[in-house]
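One letter stands for each residue in the lines below.
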Amino acid sequence: GGGSIAAHWDGLARCAGGEACYEYHVKGGDTFSGIAAWFGTTVAGLEALNPQISNPSIIHAGELVKVPPPH
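Residues numbered from 1 in each chain as written. Predicted model: local features only at pLDDT ≥ 70, side-chain atom pairs only at ≥ 80, totals over all residues. Heavy atoms only, no water.

Trainee: Even after reading the chapter, I still don't get the pairing of strand β2 (residues 22–25), so can you show me in this structure?
Mentor: Regular strands have side chains that alternate between both faces of the sheet. Burial of β2 is one-sided: the residues Y22 and Y24 facing one way are buried, the residues E23 and H25 facing the other way are not. Direction of pairing for β2 relative to strand β3 (residues 64–67): antiparallel, over a ladder of four bridges. Residue pairing for β3: E23 is matched across the bridge by K66. (Buried < 20%, exposed > 50% of the residue type's maximum accessible area, 1.4 Å probe, protein only. Helix = DSSP H or I, 4+ residues; strand = E, 2+ residues; numbered from the N terminus. Pairing = 2+ DSSP bridges.)

Trainee: Can you help me understand the sheet that holds β3 in this one?
Mentor: Two orientations exist for strands paired in a sheet by backbone hydrogen bonds: parallel and antiparallel. Spatially, three strands are ordered β1-β2-β3 in an open sheet, and the strand pairing comes out antiparallel. The open sheet has two edge strands, β1 (13–14) and β3, and neither has a second partner. Where β1 meets β2, two bridges bridge the pair, whose relative direction is antiparallel. Bridge assignment links A13 to a residue of β2, and that residue is E23.

Trainee: Would you explain the packing of aromatic side chains in this entry?
Mentor: For any pair of aromatic rings, geometry is given as the distance between the ring centres together with the angle between the planes. Per the counting criterion, the structure on display carries two aromatic pairs. Geometrically, the ring pair formed by W9 and F39 is edge-to-face, given 5.1 Å between the ring centres and 65° between the ring planes. With a gap of 30 residues between them, W9 in the segment before β1 and F39 in the loop between α1 (32–38) and α2 (43–49) connect regions that are remote in the sequence. Considered together, W9 and F39 belong to a single accessibility category, that of buried residues. Centre to centre, the rings of Y24 and F39 are 5.3 Å apart; their planes meet at 70°, and the pair counts as edge-to-face. One end of the pair, Y24, is in strand β2; the other, F39, is in the loop between α1 and α2, and 15 residues separate them in sequence. Accessibility expressed as a relative area gives 7% for Y24, which makes it buried. Ring pairs connect the aromatic residues W9, Y24 and F39, which therefore count as one cluster. (Phe/Tyr/Trp six-rings, centres within 6.5 Å; stacked < 30°, edge-to-face > 60°.)

Trainee: Looking at this structure, how should I read the side chain of N50?
Mentor: Topologically, N50 is positioned in the loop between α2 and β3. Owing to a relative accessible area of 1%, N50 belongs among the buried residues under this scheme. There is a polar contact of 2.7 Å between the side chain of N50 and the backbone nitrogen of K66. With sequence-adjacent residues up to four places away left out, N50 is seen in contact with F32, L64, V65 and K66. (Polar contact = N/O pair within 3.5 Å; in protein donor to acceptor, adjacent residues only side chain to side chain. Contact = heavy atoms within 4.5 Å.)

By themselves, these figures tell us nothing about what the structure is for.
Here it is as structure tokens:
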């Protein structure tokens, strides 16, 4: 027990271009709010990082979602 939330970023690639974020690949059953909670951020925070996602209610397995780095 006692695993750090930072472990959630293990194996994720850093965003290209020096952006302060990581690239998360959506898995089946993921939701935007679930991803936000997992990475310790908010849906609004994810939306700001991911302007390419026009409808956060509809995300698909394999889609790339940028997540903020551990804090």
